Amino acid sequence: MSLNGVRVALLIEDEYQILEGWYPLLRLQAAGAEVTVVGSGRKTTFDSKEHYPMEADASASEVSASSFDAVVVPGGFAPDNMRLHPPMINLVREVFQAGRLVSAICHGGWVLASAGALKGRQATGYLPIRDDVINAGGEWIDDKSVVQDGNVITSRTPPDLPDFVEAIVAYLEREKAQNA
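Residues numbered from 1 in each chain as written. Predicted model: local features only at pLDDT ≥ 70, side-chain atom pairs only at ≥ 80, totals over all residues. Heavy atoms only, no water.

Peer 1: Describe the side chain of Gln17, and please don't skip the residues or the numbers.
Peer 2: As for its placement among the helices and strands, Gln17 is situated in the loop between strand S1 (7–11) and helix H1 (18–30). With sequence-adjacent residues up to four places away left out, Gln17 is seen in contact with Glu50, Gly75, Gly76 and Pro158. (Helix = DSSP H or I, 4+ residues; strand = E, 2+ residues; numbered from the N terminus. Contact = heavy atoms within 4.5 Å.)

Peer 1: Kindly report on the layout of surface pockets, identifying the contributing residues and their values.
Peer 2: One number sums up the size of the largest pocket: a volume of about 160 Å³. Taken together, Gly5, Val6, Asp69, Gly99, Arg100, Leu101, Tyr171, Leu172, Glu175, Lys176 and Asn179 form the lining of the largest pocket. Broken down by element, the residue count for the lining of the largest pocket peaks at four residues, all from helix H6 (residues 161–178). Looking at the lining of the largest pocket residue by residue, the class counts come to four nonpolar, three polar and four charged. (1 Å grid on protein atoms, 1.4 Å probe; cavity = no way out; pocket = protein on both sides within 12 Å on 5 of 7 lines; lining within 4 Å. Points joined across faces, edges and corners; volume = space filled by probe spheres on them. Nonpolar A, V, L, I, M, F, W, Y, C, P; charged D, E, K, R; others polar.)

Peer 1: Give a description of the nonpolar core that names residues and reports values.
Peer 2: In this structure, Val8, Leu11, Leu28, Val92, Phe164 and Leu172 are the most contacted members of the largest nonpolar core, which totals 60 residues. Excluding anything up to four places from it in sequence, Val92 contacts Leu11, Val71, Val73, Val102, Val111, Leu112 and Ala115. (Core = buried A, V, L, I, M, F, W, Y, C linked by side-chain atoms within 4.5 Å. Buried < 20%, exposed > 50% of the residue type's maximum accessible area, 1.4 Å probe, protein only.)

Peer 1: Tell me about the packing of aromatic side chains, residues and numbers included.
Peer 2: Within a pair of aromatic rings, the relevant descriptors are the distance that separates the centres and the angle that separates the planes. Applying the stated rule across the entire model yields one aromatic pair. The interplanar angle of 80° and the centroid separation of 5.7 Å between the aromatic rings of Trp22 and Tyr52 together place this pair among those described as edge-to-face. Linking Trp22 in helix H1 with Tyr52 in the loop between strand S3 (45–47) and strand S4 (53–55), this pair joins segments that are 30 residues apart in sequence. In this structure, Lys49 is placed above the aromatic ring of Phe77, and the distance from its NZ or CZ to the ring centre is 5.2 Å. (Phe/Tyr/Trp six-rings, centres within 6.5 Å; stacked < 30°, edge-to-face > 60°. Lys NZ or Arg CZ within 6 Å of the ring centre and 35° of its normal.)

Peer 1: Describe the pattern of salt bridges, with residues and values.
Peer 2: Evaluated as defined, the whole model comprises seven salt bridges. Close ionic contact of Arg42 with Glu13 constitutes a salt bridge, the shortest N to O distance being 2.8 Å. Of this pair, Arg42 sits in the loop between strand S2 (34–39) and S3 while Glu13 is found in the loop between S1 and H1, placing the two residues 29 residues apart along the sequence. Residue class for Arg42 comes out partly exposed when judged on its relative accessible area of 45%. Put simply, Arg42 and Asp14 hold a salt bridge, and the shortest N to O gap is 2.5 Å. One end of the pair, Arg42, is in the loop between S2 and S3; the other, Asp14, is in the loop between S1 and H1, with 28 residues separating them in the sequence. (Salt bridge = Lys/Arg side-chain N within 4 Å of Asp/Glu carboxyl O.)

Peer 1: Which residues make up H1, and what values do they have?
Peer 2: In this model H1 runs 18 Å from its N-terminal to its C-terminal C-alpha over 13 residues, within 8% of the 18 Å that 1.5 Å per residue would give. By the burial criterion, the buried members of H1 are Glu20, Gly21, Pro24, Leu25 and Leu28. Here the buried residues of H1 occupy an arc of 115° about the axis, which is enough to place them on one side. If you check the start of H1, you find a side-chain oxygen 2.8 Å away from the backbone N of Leu19, and it comes from Gln17. A positive phi of about 105° marks Gly32, the residue just after H1. (Expected span 1.5 Å × (residues − 1). Arc of directions from axis to C-beta. Polar contact = N/O pair within 3.5 Å; in protein donor to acceptor, adjacent residues only side chain to side chain.)

Peer 1: Which residues make up the sheet that holds strand S11 (residues 152–155), and what are the values?
Peer 2: What the seven strands build is an open sheet, ordered S5-S2-S1-S6-S7-S11-S10; its pairing is mixed. Of all the strands in the sheet, the pair left with one neighbour each is strand S5 (58–59) and strand S10 (146–149). As defined by bridge partners, S2 adjoins S5 across two bridges and the pair is classed as parallel. Counterpart to Val38 in the pairing with S5 is Ala58. Strand contacts of helix H3 (residues 86–97): S1, S2, strand S6 (70–73), strand S7 (101–105) and S11, with the helix running at about 130° to S7, the strand carrying the most contacts. Running over the sheet, H6 touches S1, S6, S7, S10 and S11 and is turned about 175° from S7. (Pairing = 2+ DSSP bridges. Axes fitted to C-alpha atoms, helices over the stretch in contact; angles between N-to-C directions.)

Peer 1: I'd like a rundown of the side chain of Ser48, residues and numbers included.
Peer 2: Within the secondary structure layout, Ser48 lies in the loop between S3 and S4. Residues in contact with Ser48, not counting those within four places in the same chain, are Glu15, Tyr16 and Ile18.

Written out as structure tokens, the structure reads:
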């Protein structure tokens, strides 16, 4: 099945982990999804930790949660920067509260924690965010490459990217088929 017509927001900020930004972007586009790169609004181009740029299509204050079927939050140190921008957190919160998919890898779980999306949910991520997940009301799982709990999908680190994006694509395909 194709993800044609499926709209995904990929959040971006400086110091994103290069693979965690580009792999989901390219894989979701290859599956047919319309991916909008959403930045904080403080500039239009954001550098990875390795200084590889990614251009934002829009800022979080310029988009609406109702425009997206899913949100993907890459890791690196970008999520710490994202949490400084309330419109980014609000976007994730509103997509989550609408019952649509929110997903994060590595440090990206910080954004889900700030958005209130982890309370009562199983989740994983990069081990240093374990306490943040627990303090946000989540149940930490560290023995799986991907953890899905309802409309929340989380993953640990770059080696888990194929499983992470496969889980996102499968979720969105199921949603598309149910809504057809």
